[in-house]
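Overview (structure and organization)
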Amino acid sequence: MVRYGWRTAALGSLLALAFSAGACKKQRSYGPPAENVYRMVLQAKVTSLDPHITSDVYSSQSQALAYESLYQFHFLKKGELIPALAESLPKVSNGGKTWEIKLKPGVYYQDDPCFKSNGGKGREVMAADVEYYFRRIADKKYGSPAYSGLDTLIKGIEDFRQGKASSISGVTVMDKYTARIDLLKRSPRFIYGFASVHGAMIPEECVKYYGDDISNHAIGTGPFKIVKYSPVKVEAVRNPSYRQEFYPSGGMPGDKEKGLLVDAGKQIPFVDKVILEVIEEDQPAWLRFLSGDFEQSRVPKDSLGATFVNGKPNEEIAKKGIQHFRAPMSDVVVHFFNLEDPVWGKNKDLRRAFAYARDNAAFIEKIYVGQAITAHTIMSPFEWGYDQHYRSPLQEHNIGKAKELLAKAGYPGGQGLPEIVYPSNVGATYRQINELLERSLSEAGIKLKAEPMAWPDFSKRLKEGKYTAIGMGWVGDMPDAETSLPMFHSRAVPPEGQNYPRYRNKAYDRLIEDIETEDNTPGRYAKIRKAAKMLEDDLVILPVAHRVGNQLYHSWVGNATFVDELFKVPFMKYRRVNTSAAR
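Let us look at the structure shown here. It should be emphasised that the depicted structure is a prediction, and the values quoted were computed from it without experimental measurement.

Bringing the overall build of the chain into the picture now. A tally of regular secondary structure across the chain gives 15 helices and 23 strands. For 583 residues, the compact-globule formula gives about 25 Å, and the C-alpha radius of gyration of the chain, at 24 Å, lands near that figure. Per-residue burial over the chain gives 60% buried out of 583 residues. Within the chain, one finds 79 positive and 69 negative side-chain charges whose respective centroids are separated by 1 Å.

Moving on, we come to the sheet that holds strand S6 (residues 98-102). Strand order in the open sheet formed by four strands is S5-S6-S8-S7, and the pairing between neighbours is antiparallel. The two strands at the open ends of the sheet, each matched to only one other strand, are strand S5 (91-93) and strand S7 (171-175). Across the sheet, the mean angle from the axis of one strand to that of its neighbour is 20°, orientation sign disregarded. Relative to S6, S5 is paired through three bridges, and the arrangement is antiparallel. Paired with Ser93 across the strands is Thr98, a residue of S6. Of the strands in this sheet, S7 and strand S8 (178-182) are in contact with helix H3 (residues 127-138), which crosses S7 at around 175°.

Burial of strand S18 (residues 420-425) is extensive: five of the six residues sit out of reach of the surface. Across six bridges, S18 lies against strand S19 (residues 448-453) in parallel orientation. Looking at S19, one finds that Asn425 is bridged to Met453. Between S18 and its parallel partner S19, the chain crosses via helix H12 (residues 428-442), and the hand of that crossover is right-handed.

Cis geometry marks the peptide bond from Ile268 to Pro269; its omega dihedral reads 0°. Inspection of the secondary structure assignment puts Pro269 in the loop between strand S10 (233-238) and strand S11 (273-278). Even without glycine at this site, Asn94 takes up a positive phi of about 55°. Looking at the secondary structure, you find Asn94 in the loop between S5 and S6.

Looking now at helix H14 (residues 506-517). Under the 1.5 Å per step criterion, the end-to-end length of H14 is 17 Å for twelve residues, consistent within 8% with the ideal 16 Å. Of all the residues in H14, the buried ones are Tyr508, Asp509, Leu511, Ile512, Ile515, Glu516 and Thr517. Those residues of H14 that are buried are in contact with helix H15 (522-537). Two to three positions downstream of the cap, the backbone nitrogen of Ala507 sits 2.9 Å from a side-chain oxygen, assigning the N-cap of H14 to Asn505.

Here the focus is the sheet that holds strand S2 (residues 37-42). Taken in spatial order, the four strands make up an open sheet running S2-S11-S10-S9, and their pairing is mixed. Every other strand in the sheet has two partners, leaving S2 and strand S9 (224-230) as the edge strands with one partner each. Direction aside, the axes of adjacent strands within the sheet are offset by 15° on average. The pairing of S9 with S10 spans six bridges and is antiparallel. If you follow Lys228 over to S10, its bridge partner there is Glu235.

Right, let's get into the environment of Gly143. Mapping Gly143 onto the fold places it in the loop between H3 and helix H4 (157-161). For Gly143, a relative accessible area of 29% translates into the label partly exposed.

With respect to the secondary-structure elements, Asp341 resides in the loop between strand S16 (331-337) and helix H9 (348-357). Buried charge Asp341 goes without a salt bridge, the closest partner of opposite sign being Arg351 at 8.2 Å. In contact with Asp341, other than residues within four places in its own chain, are Lys346 and Thr468.

Let us look at the packing of aromatic side chains. Evaluation of the coordinates by the stated rule reveals 29 aromatic pairs. Ring geometry for Tyr133 and Phe194: centres 5.6 Å apart, planes at 55°, overall tilted. Linking Tyr133 in helix H3 with Phe194 in the loop between S8 and helix H5 (204-210), this pair joins segments that are 61 residues apart in sequence. Residue Phe194 is classed as buried on the basis of its relative accessible area, which comes to 3%. Above the face of the Tyr142 ring, Arg136 is positioned so that its terminal group lies 4.3 Å from the ring centre. In this arrangement the basic side chain of Arg576 is found over the ring face of Phe270, its NZ or CZ atom lying 4.1 Å from the centre.

Attention now goes to the packing of H9 against helix H11 (residues 399-408). The contact between H9 and H11 brings their axes to 8 Å, and the two run at 165°. On the basis of their axis angle, the class for H9 and H11 is roughly antiparallel. For the element pair H9 and H11, the recorded crossing hand is left-handed. Listed contacts from H11 to Asp349, Leu350, Arg352, Ala353, Tyr356 and Ala357 of H9 are Ile399, Lys401, Ala402, Leu405, Leu406 and Lys408. For the contact of H9 with H11, the per-class residue count stands at eight nonpolar, no polar and four charged.

Grouped together as the largest cluster of nonpolar side chains are 85 residues, with contacts concentrated most on Leu70, Phe134, Ile154 and Phe194. At seven residues, H3 tops the list of elements feeding residues into this core. With 61 residues, the next largest nonpolar core counts Leu350, Tyr422, Ala481 and Met534 among its residues.

Two elements in contact, helix H10 (residues 360-368) and H12, have axes whose closest approach is 11 Å; the angle formed by their N-to-C orientations is 160°. Accordingly, the angle class assigned to the pair H10 and H12 is roughly antiparallel. Crossing of H10 over H12 shows right-handed handedness. Facing H10, whose interface residues are Phe363, Lys366 and Ile367, H12 presents Gln432, Ile433 and Leu436.

Here H12 is 15 residues long and its end C-alpha atoms lie 21 Å apart, about the 21 Å a rise of 1.5 Å per residue gives. Residues Ala428, Thr429, Tyr430, Gln432, Ile433, Asn434, Leu436, Leu437, Ser440 and Leu441 constitute the buried set of H12.

A complete count under the given rule lists 45 salt bridges for this structure. The residue Arg352 makes a salt bridge to Asp349 at a minimum N-O spacing of 3.6 Å. Taken together, the residues span about one helical turn, with Arg352 and Asp349 both in helix H9 at a distance of three residues. The class of Arg352 is partly exposed, set by a relative accessible area of 22%. The residue Arg491 makes a salt bridge to Glu516 at a minimum N-O spacing of 2.3 Å.

Reading guide: rules and limits
- Residues numbered from 1 in each chain as written.
- Predicted model: local features only at pLDDT ≥ 70, side-chain atom pairs only at ≥ 80, totals over all residues.
- Heavy atoms only, no water.
- Helix = DSSP H or I, 4+ residues; strand = E, 2+ residues; numbered from the N terminus.
- Rg over C-alpha atoms; globule rule 2.2 N^0.38 Å.
- Buried < 20%, exposed > 50% of the residue type's maximum accessible area, 1.4 Å probe, protein only.
- Lys, Arg positive; Asp, Glu negative; His and termini not counted.
- Charge placed at Lys NZ, Arg CZ, Asp CG, Glu CD.
- Pairing = 2+ DSSP bridges.
- Axes fitted to C-alpha atoms, helices over the stretch in contact; angles between N-to-C directions.
- Contact = heavy atoms within 4.5 Å.
- Right-handed = clockwise from strand over helix to strand, strands pointing away.
- Expected span 1.5 Å × (residues − 1).
- Polar contact = N/O pair within 3.5 Å; in protein donor to acceptor, adjacent residues only side chain to side chain.
- Salt bridge = Lys/Arg side-chain N within 4 Å of Asp/Glu carboxyl O.
- Phe/Tyr/Trp six-rings, centres within 6.5 Å; stacked < 30°, edge-to-face > 60°.
- Lys NZ or Arg CZ within 6 Å of the ring centre and 35° of its normal.
- Parallel < 35°, antiparallel > 145°, perpendicular 65-115°, else oblique.
- Left-handed = near helix turned anticlockwise from the far one by under 90°.
- Nonpolar A, V, L, I, M, F, W, Y, C, P; charged D, E, K, R; others polar.
- Core = buried A, V, L, I, M, F, W, Y, C linked by side-chain atoms within 4.5 Å.

The following block contains the structure:
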């Protein structure tokens with residue numbers, strides 16, 4: 001699962017700032033760009049171009065321009081896996097414990113000076129790159145989030161990690177294009193680890209060439225080659241050595257009528273250039289979209305009422321031919337606690353008091369303007385194992401109960417209770433989020449100290465455990481509970497993984513280990529429900545909402561359709577821009 005900070009829209013008060021900032025710029029007329037370029041906003045700074053060491057959406061989106069893994073999701077058939085660098089789906093044998101993967105021949109890395117033996121010419125992707133992938137993420141010096149769970153899954157990988165072996169016995173290069181992976185136990189959904197950018201192939205010689213500076217370079221096989229990079233802007237051009245890959249020839253019922261199959265069978269990508277620009281305040285980004293500076297945009301909260309009339313784009317938007325797509329997102333917004341905190345982490349009654357003191361219904365209405373549904377577990381509605389009928393008792397807003405629990409915990413009226421250290425992202429909306437939370441908690445006697453900071457600092461605080469409670473959004477990268485529940489296994493406590501609450505429970509761990517090895521049966525479903533309830537009973541996380549996305553594309557964007565946050569860039573290779581020069 002990939003995660004990112006609370007993401008909502010900025011306040012309308014920033015309109016003045018946006019207009020004043022634009023006053024010094026020469027305004028171009030509204031319309032498509034003259035060059036074949038696709039431009040999109042990133043909502044926070046990029047921390048690294050290295051997909052093996054990051055786990056946030058913003059970095060992942062940038063990395064996906066240049067890097068690819070063995071498999072990918074179908075553009076039009078949601079949730080369907082298809083080969084990317086692999087030639088076909090894996091051959092699985094030995095009771096599900098041996099996976100054989102064949103690579104496509106003739107796929108080359110992008111040209112780069114790191115290929116010294118080739119004079120800077122990118123070499124072919126080989127099975128040895130798969131073997132190197134596992135060696136790299138197992139190397140302690142990288143602290144790769146991708147390693148979590150592999151210690152008890154892949155034969156010999158933990159011995160390699162601990163320096164007891166010079167190679168991984170469970171990863172074998174069979175021939176130039178074939179790799180075999182031997183598991184210690186069944187893992188029916190193992191393939192999904194190779195379906196995101198965090199399973200990308202990176203050439204070993206380039207990692208050695210650049211050393212730590214590999215974070216500022218992307219040498220992959222993807223459709224675009226990054227030519228300029230900074231934490232606030234990424235520019236990429238069409239990869240001239242990109243393999244043969246074509247726009248899908250089939251989709252879902254109705255896709256042909258929507259015009260989504262006009263380009264069926266054509267070589268991708270269609271655009272020559274991509275620009276990703278970081279704008280942390282939503283209103284300036286929104287105004288620039290409306291002026292034609294970006295090809296797509298979300299709709300800020302404070303603009304929803306003006307943008308839509310009876311659920312449809314207003315006259316101005318409709319007149320411009322802007323395309324609107326609205327759909328639930330595969331995510332969940334949560335609060336969670338640092339369970340190593342000496343006060344809040346050791347007292348369930350305090351955490352339960354927090355739960356009853358927050359006004360989640362008011363939060364959804366004011367922050368998301370109704371564009372979200374209440375979340376009752378850590379799982380998104382798109383994950384296998386999600387129970388659409390379950391209702392969490394912790395969604396009740398009850399100040400009386402909160403005060404009773406504070407007194408029971410030994411802090412009547414909040415007397416003597418340390419304030420909650422609450423890191424937050426920067427921006428007007430985050431200030432509003434923090435103020436709402438501070439107000440509701442203070443009614444019960446709980447004090448919250450919000451500490452706004454940029455995303456890289458926020459991420460660092462998470463990993464170091466320097467917080468009391470925190471609010472985040474979590475985005476799933478596979479349609480199964482295995483994308484969310486295993487994060488809270490004790491093996492994933494940082495720096496080994498992404499168990500940021502630092503939850504440790506042996507009974508929970510055993511449930512997760514069963515869930516990971518079993519096929520989808522009523523028995524597995526029951527275990528998923530039990531694990532989710534355990535997180536609730538132990539007050540590890542407090543679910544807030546599943547967001548509904550409103551995505552807009554200008555009229556000149558072809559093959560536009562709703563996509564989840566993680567796939568905006570991976571699916572950019574299917575987009576088409578009808579430039580002003582072509583009109």
